[in-house]
8 protein chains.
Amino acid sequence: MNDHLTPDYGRAERIGIEEAIFCGGKTIEQVGFLLDEAARLGHALLLTRLSPETLNGLSAAHRGDIDYEPLSRTGFFGEVAAPTKPARVAIVSAGTSDAGVALEVERTLGYAGHATAGFHDVGVAGLWRLMERIQTIKSFAVVVVVAGMDAALVGVVGGLVPGVVIAVPTSVGYGAARGGETALAAALSSCAPGVAVVNIDNGYGAGCAALRILNHIPDDARAPKER
Amino acid sequence: MNDHLTPDYGRAERIGIEEAIFCGGKTIEQVGFLLDEAARLGHALLLTRLSPETLNGLSAAHRGDIDYEPLSRTGFFGEVAAPTKPARVAIVSAGTSDAGVALEVERTLGYAGHATAGFHDVGVAGLWRLMERIQTIKSFAVVVVVAGMDAALVGVVGGLVPGVVIAVPTSVGYGAARGGETALAAALSSCAPGVAVVNIDNGYGAGCAALRILNHIPDDARAPKER
Amino acid sequence: MNDHLTPDYGRAERIGIEEAIFCGGKTIEQVGFLLDEAARLGHALLLTRLSPETLNGLSAAHRGDIDYEPLSRTGFFGEVAAPTKPARVAIVSAGTSDAGVALEVERTLGYAGHATAGFHDVGVAGLWRLMERIQTIKSFAVVVVVAGMDAALVGVVGGLVPGVVIAVPTSVGYGAARGGETALAAALSSCAPGVAVVNIDNGYGAGCAALRILNHIPDDARAPKER
Amino acid sequence: MNDHLTPDYGRAERIGIEEAIFCGGKTIEQVGFLLDEAARLGHALLLTRLSPETLNGLSAAHRGDIDYEPLSRTGFFGEVAAPTKPARVAIVSAGTSDAGVALEVERTLGYAGHATAGFHDVGVAGLWRLMERIQTIKSFAVVVVVAGMDAALVGVVGGLVPGVVIAVPTSVGYGAARGGETALAAALSSCAPGVAVVNIDNGYGAGCAALRILNHIPDDARAPKER
Amino acid sequence: MNDHLTPDYGRAERIGIEEAIFCGGKTIEQVGFLLDEAARLGHALLLTRLSPETLNGLSAAHRGDIDYEPLSRTGFFGEVAAPTKPARVAIVSAGTSDAGVALEVERTLGYAGHATAGFHDVGVAGLWRLMERIQTIKSFAVVVVVAGMDAALVGVVGGLVPGVVIAVPTSVGYGAARGGETALAAALSSCAPGVAVVNIDNGYGAGCAALRILNHIPDDARAPKER
Amino acid sequence: MNDHLTPDYGRAERIGIEEAIFCGGKTIEQVGFLLDEAARLGHALLLTRLSPETLNGLSAAHRGDIDYEPLSRTGFFGEVAAPTKPARVAIVSAGTSDAGVALEVERTLGYAGHATAGFHDVGVAGLWRLMERIQTIKSFAVVVVVAGMDAALVGVVGGLVPGVVIAVPTSVGYGAARGGETALAAALSSCAPGVAVVNIDNGYGAGCAALRILNHIPDDARAPKER
Amino acid sequence: MNDHLTPDYGRAERIGIEEAIFCGGKTIEQVGFLLDEAARLGHALLLTRLSPETLNGLSAAHRGDIDYEPLSRTGFFGEVAAPTKPARVAIVSAGTSDAGVALEVERTLGYAGHATAGFHDVGVAGLWRLMERIQTIKSFAVVVVVAGMDAALVGVVGGLVPGVVIAVPTSVGYGAARGGETALAAALSSCAPGVAVVNIDNGYGAGCAALRILNHIPDDARAPKER
Amino acid sequence: MNDHLTPDYGRAERIGIEEAIFCGGKTIEQVGFLLDEAARLGHALLLTRLSPETLNGLSAAHRGDIDYEPLSRTGFFGEVAAPTKPARVAIVSAGTSDAGVALEVERTLGYAGHATAGFHDVGVAGLWRLMERIQTIKSFAVVVVVAGMDAALVGVVGGLVPGVVIAVPTSVGYGAARGGETALAAALSSCAPGVAVVNIDNGYGAGCAALRILNHIPDDARAPKER
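Residues numbered from 1 in each chain as written. Chains lettered and ligands numbered in written order. Predicted model: local features only at pLDDT ≥ 70, side-chain atom pairs only at ≥ 80, totals over all residues. Heavy atoms only, no water.

Examining the overall build of chain A
Here's step 1: Within chain A, the regular secondary structure consists of 10 helices and 9 strands.
Here's step 2: Taken over C-alpha atoms, the radius of gyration comes to 18 Å for chain A, in line with the 17 Å a tight globule of 227 residues would show.
Here's step 3: In terms of principal-axis extent, the alpha carbons of chain A reach across some 50 × 45 × 25 Å.
Here's step 4: Buried residues in chain A amount to 66% of all 227 residues.
Here's step 5: Long-range pairs, those at least 24 residues apart, make up 71% of the contacts in chain A between residues at least 6 apart in sequence.
Here's step 6: Taken as a whole, chain A presents about 7,300 Å² of accessible surface, with 50% of it coming from carbon and sulfur.
Here's step 7: Where the 18 positive side-chain charges of chain A centre and where its 24 negative ones centre are 6 Å apart. (Helix = DSSP H or I, 4+ residues; strand = E, 2+ residues; numbered from the N terminus. Rg over C-alpha atoms; globule rule 2.2 N^0.38 Å. Buried < 20%, exposed > 50% of the residue type's maximum accessible area, 1.4 Å probe, protein only. Contact = heavy atoms within 4.5 Å. Areas by Shrake-Rupley, 256 points an atom, 1.4 Å probe, with all protein chains shown as cover. Lys, Arg positive; Asp, Glu negative; His and termini not counted. Charge placed at Lys NZ, Arg CZ, Asp CG, Glu CD.)

A closer look at the domain arrangement of chain A
By a widely used convention, the size of an interface equals the accessible area lost when the partners come together.
Residue and element names in this part refer to chain A.
Here's step 1: Per the domain assignment, the segments of chain A are domain 1 (2-77) and domain 2 (89-214).
Here's step 2: Contacts between the two partners involve 18 residues from domain 1, matched on the other side by 14 residues from domain 2.
Here's step 3: Taking both partners together, domain 1 and domain 2 bury about 1,300 Å²; carbon and sulfur atoms supply 63% of that area.
Here's step 4: The largest per-residue losses of area from domain 1 upon contact with domain 2 belong to Ile 17, Leu 46 and Phe 76, which jointly make up 35% of the total buried on that side. (Domains from an automatic or database assignment. Buried area = accessible area lost by both parts, 1.4 Å probe.)

Points about the sheet that holds strand S1 (residues 20-22) of chain G
All names here are of chain G.
Here's step 1: Read across the open sheet, the 4 strands follow the order S1-S2-S4-S3; overall the sheet is mixed. A strand with exactly one partner marks an edge of an open sheet, and here the two such strands are S1 and strand S3 (66-69). Each neighbouring strand pair of the sheet contributes to a mean axis angle of 20 degrees, computed without reference to strand direction.
Here's step 2: As judged from the 3 bridges shared by S1 and strand S2 (residues 45-48), these two strands associate in the parallel manner. Looking at S2, one finds that Ile 21 is bridged to Leu 47.
Here's step 3: Strands S1, S2, S3 and strand S4 (74-77) of the sheet are contacted by helix H2 (residues 28-41), whose axis makes an angle of about 165 degrees with S2. (Pairing = 2+ DSSP bridges. Axes fitted to C-alpha atoms, helices over the stretch in contact; angles between N-to-C directions.)

Description of the interface of chain A and chain H
Here's step 1: Taken together, the contact between chain A and chain H spans 35 residues of the former and 36 residues of the latter.
Here's step 2: Together, the buried faces of chain A and chain H total about 2,800 Å²; carbon and sulfur atoms form 59% of this surface.
Here's step 3: Linking chain A with chain H are 13 residue pairs in polar contact (both at pLDDT 80 or more), by the criterion used here.
Here's step 4: Sorting the residues of the side of chain A that touches chain H by element identifies helix H1 (11-15), helix H8 (152-160), strand S8 (164-169), helix H9 (181-189), strand S9 (195-197) and helix H10 (203-214) of chain A as the ones contributing at least two each.
Here's step 5: Among the elements that take part in the side of chain A that touches chain H, H10(A) stands out by supplying 6 residues, more than any other.
Here's step 6: In terms of residue class, the side of chain A that touches chain H is built from 22 nonpolar, 8 polar and 5 charged. (Polar contact = N/O pair within 3.5 Å; in protein donor to acceptor, adjacent residues only side chain to side chain. Nonpolar A, V, L, I, M, F, W, Y, C, P; charged D, E, K, R; others polar.)

Focus on the sheet that holds strand S3 (residues 66-69) of chain D
Residues and elements named next belong to chain D.
Here's step 1: Overall, mixed pairing links the 4 strands, which are arranged S1-S2-S4-S3 in an open sheet. The sheet is open, and its two borders are formed by strand S1 (20-22) and S3, each paired with just one other strand. Mean inter-strand twist for the sheet, computed between neighbouring axes without regard to direction, equals 20 degrees.
Here's step 2: Looking at chain direction, S3 and strand S4 (residues 74-77) are connected through 4 bridges and run antiparallel. In the sheet register, Glu 69 faces S4, and the bridge partner there is Thr 74.

Remarks on the relation of the copies chain A and chain H
Here's step 1: Laying chain A over chain H is done by rotating through 180 degrees and shifting 0.0 Å along the axis; what remains is an RMSD of 0.0 Å. When the rotation and shift are considered jointly, the pair of chain copies conforms to a two-fold rotation axis.
Here's step 2: In this assembly the copies share their binding face: 100% of the residues contributing to the interface of chain A also contribute to that of chain H. (Least-squares fit on C-alpha atoms with pLDDT ≥ 70 in both.)

Side note on the packing of aromatic side chains
All names here are of chain F.
Here's step 1: Scanning all chains against the criterion turns up 24 aromatic pairs over all chains.
Here's step 2: For the ring pair Phe 119 and Phe 140, a centre distance of 6.0 Å and an interplane angle of 75 degrees mean the geometry is edge-to-face. In this pair, Phe 119 is assigned in strand S6 (residues 114-119) and Phe 140 in the loop between helix H7 (134-137) and strand S7 (142-147), connecting sequence segments 21 residues apart. Comparing Phe 119 with Phe 140, the two get one shared label, buried. (Phe/Tyr/Trp six-rings, centres within 6.5 Å; stacked < 30°, edge-to-face > 60°.)

Thoughts on the pattern of salt bridges
Here's step 1: If you walk through the whole model with that rule in mind, you get 45 salt bridges over all chains.
Here's step 2: The shortest N-O distance in the salt bridge between Glu181(A) and Arg178(G) comes to 2.7 Å. Of this pair, Glu181(A) sits in helix H9 while Arg178(G) is found in the loop between strand S8 (164-169) and helix H9 (181-189), placing the two residues in two different chains.
Here's step 3: A salt bridge links Arg40(G) to Glu37(G); its shortest N-O distance comes to 2.9 Å. Separated by 3 residues within a single helix, Arg40(G) and Glu37(G) lie in helix H2, roughly one turn from each other.
Here's step 4: Among the residues examined, Glu37(G) registers a relative accessible area of 24% and is labelled partly exposed. (Salt bridge = Lys/Arg side-chain N within 4 Å of Asp/Glu carboxyl O.)

What to know about the pairing of strand S7 (residues 142-147) of chain H
Residues and elements named next belong to chain H.
Here's step 1: The buried fraction of S7 amounts to 6 of the 6 residues, a majority that puts the element mostly inside the structure.
Here's step 2: Side chains of S7 alternate between two faces, with Val 142, Val 144 and Val 146 and Val 143, Val 145 and Ala 147 buried alike.
Here's step 3: Of the pairings in the sheet, the one linking strand S5 (residues 85-93) to S7 comprises 5 bridges and is parallel in character. Each bridged residue has a counterpart across the sheet, and for Ser 93 the counterpart in S7 is Val 146.
Here's step 4: In this structure, S7 lies alongside strand S8 (residues 164-169), joined through 6 bridges in parallel fashion. By the bridge assignment, Val 142 is partnered in S8 with Val 164.
Here's step 5: After leaving S7, the chain enters helix H8 (residues 152-158) and then returns to the sheet as S8, a path that is right-handed. (Right-handed = clockwise from strand over helix to strand, strands pointing away.)

Thoughts on the environment of Leu47(D)
Here's step 1: Positionally, Leu47(D) belongs in strand S2 (residues 45-48).
Here's step 2: Considering only alpha carbons, one finds Leu47(D) and Gln135(D), 88 residues apart in sequence, at a separation of 34 Å.

Regarding the packing of helix H5 (residues 99-111) of chain B against helix H10 (residues 203-214) of chain B
Residues and elements named next belong to chain B.
Here's step 1: Running from N to C, H5 and H10 point in directions that differ by 40 degrees, and their axes come no closer than 7 Å. Considered as vectors, H5 and H10 are oriented oblique to each other. In the packing of H5 onto H10, the handedness of the crossing is right-handed. Taking contact as the criterion, the partners of Val 101, Glu 104, Val 105, Thr 108 and Leu 109 in H5 are, on H10, Gly 203, Tyr 204, Ala 206, Gly 207, Cys 208, Ala 210, Leu 211 and Leu 214.
Here's step 2: Its residues assigned to classes, the contact of H5 with H10 shows 9 nonpolar, 3 polar and 1 charged. (Parallel < 35°, antiparallel > 145°, perpendicular 65-115°, else oblique. Left-handed = near helix turned anticlockwise from the far one by under 90°.)

In structure tokens, the structure reads:
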């Protein structure tokens, strides 16, 4: 059934974002086939939502070519250079359980050659944790905010920083958190002006949105002065 | 059809909260009948959700006996003494459009003889507005937080103050704010520990919850030192 | 990735509630790291949503330091003194399946040194079970009501007791109970005035809300006369 | 367009319930046409959801033939005899705002010749109001419970009476009451066994369900001893 | 924690329905404790939602005292006599996957001594299957309709039979069937007058509703003439 | 702002369906501008969701060129020939309140030159009304079923006719009918195989779906033999 | 309990679609019983939602008679001839993860003797993939579009092709994709006129809808000229 | 009650976006008070969701100072200079009914001194309309996509342009469009990578998100070469 698989390798040229493989809905065979193709064509690939089960089901050769990060469930297939450009993106996350999504943002940008700066476990319930770091965060051109539950961090950061704010609601929480729906709706309803939102747990999407911006701003835009 | 109306005048003795009349779902005739009864028995009454239309439909005599506040749509029927006890409750609200609900809290407590202190238009999108007042707010035994949209103010205040925190989500906002459902779910999902929540726009309910607490704490509990 | 973990040990001083660890969304490694830190600093910790799987994955040393209660899935890490203050909180629950949540309330308060009194399996379908105990329940300053399905117990208790009423809807039930959403909405819609509500299954949150109140009332406030 | 109208006059013979006209979604012309037809055939009709606007838009002749009750918005068209059978149905309602729906039940049964006994404004927030009447209510073969908001009355009555219990959730309430959805879900989730439920505000449907039962039980089944 | 368990053995006397044990949310220990108590008191018990896992976890002695039916997951504990009264209830179900729920209705009534008549796999997509049996079905005093997906069978049967109609929506279906929510809403929205509805998959509830009716009608009410 | 208006007059050639104007979200000025353009180009137009208010707001000249049908709120602008092709589409509707939507189907097809045959007020609550006509309905190549509430008619017709079945759920009903959402979900969940569904109240869409089919079948396909 | 199983073998004659067995909600025993019956009567059967677990649980004899396709989880039981009629149906799918549903459409039509033409992995995010094939797709009489997430492919194809368009939303996606609900709602809301929709993941239903059309059009209707 | 109003005039300095007044939830008196304050301080203001009713209720002096645009319901209060910077933002909208929201984006950016380029009525149902303009659209640094119903335009544009893509779902549509919820969910679920989304109908928010980006990119970034 591999005639169902048509990678869009021309995407980078068209919109500035490399093809990536979302492994979530794919069988081990489908992922293996795509890696074979990429290897044959000499393409590197970013793999997202790559579960340990799928990873372990791949051939030893493929596994050996994958740089895997388990918390974000991402893999780099093939040669991926370390970031060389300075960090213009801050990743700000609310709680420990948001770490996987925050790392997906970091890895998506890292795969594209961009360093990032992380500010984690700074949820508003202990506001001092954010306030201690806010001056640094304000110096970044792009600020990705990762938060679940009530996503209150989005509104607070959005009202304090001049950078482009991209919110990633996460599925962290239970009951009225409704698997991330509350964080999503809260981020969209924030009265901090000009906050843009991506899908629940969509660290990859936030990374790509950041990429679209980085492709249009100078390399030294609002670089952090300190940390 | 007035055999459908059975006021619970024994409530104050039973649970410490006076009977009030929710006018929202009642006809002008039903409200008029209840006022007649209360006048006959010498009872004062708190009237909530009293629309200008219903108010104007009442007899001139009844209208003359009502101290009406239009933004909260509340009325005091009969003799209601001014508050004599010191303010132990802070009412903190996020935006201009939350004023009606915040006033309903104030009026509910005022009707029961309790002064309150208001801190309004301090939503987190302009965090400095809250931070300038937070030391004072921290001195109150009970803090009622009134907020719509993403209700981020609830989590921020809940993480900063030691008092009892009662959140009133409001129906302010549009689209993903879903008529207050997002503020409600966000308030319930806040990771600030020990925040208690009442129904959307339910300023009366928040006032009553505060009353239950005030009935159990000393008159001078955590009185504000300044304002 | 443990730079993602920043416990808020200053919380007790700030708002009167000790830091606790929600283990639900954390890996065994993350929980272990936090216990190491706490042990190093000499802190005790309340652990919530601690599954048997996570517990068993911890080191034997850590397991030995944890007083675990399986129905509530809570653990006390380190030295926790038995409650010394008299019970000012009643915990009233509707059915057998609500026991785990009711115990989470009890354990949260017990960890903070407060005794509680339990009244269980008193759902309104057999109203005599509640009525036999209601006089005692009325004597408590704080009444936590734990109920799933239609949460009718909330409205009935709220109309009968003068104490502060905190409702914890539970995810007990099926079909139209919608995993606790119906109990939550019903508790919020109760016409008993002044009922405050926390998230679905959030026994910890109800305990913390009770703590905020206990911190403001005298130790002998409305102590139970009998049981 | 009156070829769209095909009354089911054979229904009474088929299932024991007379045809009725739901006026809610119909134009004045359509209602008028149906009355003309009924008059021509010598049929009486029960009209439900008949708004004052539609009523006033009908011809004076038609208006003269309608016995209209405004709170329930029901009309009897043509000759309708007064009930002659003893009351075997109790109608129990929670609050003043439920009166219209409760009256729709009463009128539906009255149109079919059955007396009913009403017990109104007995919501559980003031439980004494129900308890004073419960012995009488227990003597009826069928008990229709009309309640909005959290519909807690349904579970309480369902656990106390041996009669057939039919719950009518109403759209009374705001916010989390969600236009009757919460009352509906709560009634369905009640743990009182054997409670049957009809649609929100569907007093007519509850009356018809009662009719199906009355058609199968003796005229003197569980008649009320007192009131 | 068995102080959380308080069976309501007085229920039969109060409302005419014996106590039953819903095993769904209970641990094996809790179920075992309740069986011990029942055995000690000489009570028989109806067990519902009894999974094979829980059954197998019970002691051999308890297992030996249970008459288990796996499709409905019901058990009779102790001596339960075979039905002696004639069948006054028809159980009509739409598809094969509804069989478990239909059997739960049958077992609930059988436990109480009532025979039933089953008409299965008669969904409206093959209307002839219903039409061949409808004359017989019309002869029953009570008709329980069990259907998932669009629950169209409810409206069709409700329009054809004069008996009391109780609908049990089931969770059969996928996608827009939404786990039974669509069947539930469709049953409530049926325009066949006087259909009463219980919770999704609630065969036990439908059986109890039927019991409340059977307790009020003669033993020979509308007995089936044929089958 | 009329640069916002770009009619797609090439549509008929591209997909076989003429451009139509949905007037629902447009101002009177916008509709007037589009009519001017159409008149200038000599195009006829089908106008849908044309409210009386918008119609009356148009110029007298425009009004004179519109053949308006009020129940469906449709207008033919310009010269529209009467249908000449035989009826290959049956329109089957459940209740009186569905008439407007059923007429929108009829008008959409009539505008395109196709006759239709209507079978109205045949909802399943009175199944005889459908059964009397079903042999005729079975003879049509396309059967459009228009139904609100539980949309049970869709499943019944879908199981009986060999023609292409297109379901139009309508917003008829209240409470659990949820403005047509229940009818929509029920139609999608029907177990009659091969039923295709369009949006709530979307008579125009059903007409267009029928058009796509009529464009591919012979003019005499399954013509009705009788009526 | 096999009296619950009544296959509708007369369906093909009645509506032109053979009986099929949905194995999703059935036990292995029930499926086995139905295969025994079909074998005894000499019927072939289409089996849908046949999981590997159920397949492996069947007897070796039955397994040997089943032509199983794992991605679509369909089986042909008994003799099924290869398609002989030319392909009049195009199956267009958006992404790799939609392949299983697309194959269910193909298998449903193949079982009935119809060839199909597949156009896969042509989602609109890489529009060139669709545009390269659109001229061929336009030549088919029926176009089935299979898409998850935002289902944007439905609107794009619907605006480009003159054939009958049947949309199958799939449960592909996460977060705001809500298990296919967003794709379903988007397909229903598409402004391309005349798109008909089936349930989420319902490849079988789309195949049946196509069958109803194929039964009414000539064998050579709009055959593809190229591919 | 004007102590509830605290404009955040320091916002521009803090985050680069001027204070604006959302008039939607405010009384005429509140808006008038804010205009008085702004006039006194010499501030200009952007007014959003300013209904004609509120506008007409203002004093003649205030009305004279407002440059009002009715379709977007926006007003410029005080001196606002015409844009001087070249257009770096494209506004792409799907249908006529989206014009008001598209204009709100344009006005928000215009108020801040930025020109924009509009591409309207280019929904995907007539894909040629978009394709004719796509080369020009691709040259902009920021592309705001405004679309209701299925919001398919978002995914198509997102896959074609390299600029930053901000989607504004609108409440255009009916039935399954659910007041913009479907467009919102579809935009969030788009598989075009890196699309960022704002709240339903939130043209102001999209404008502000664009502003945050424009503040970080060169004035000549990807200027359009033609139009």
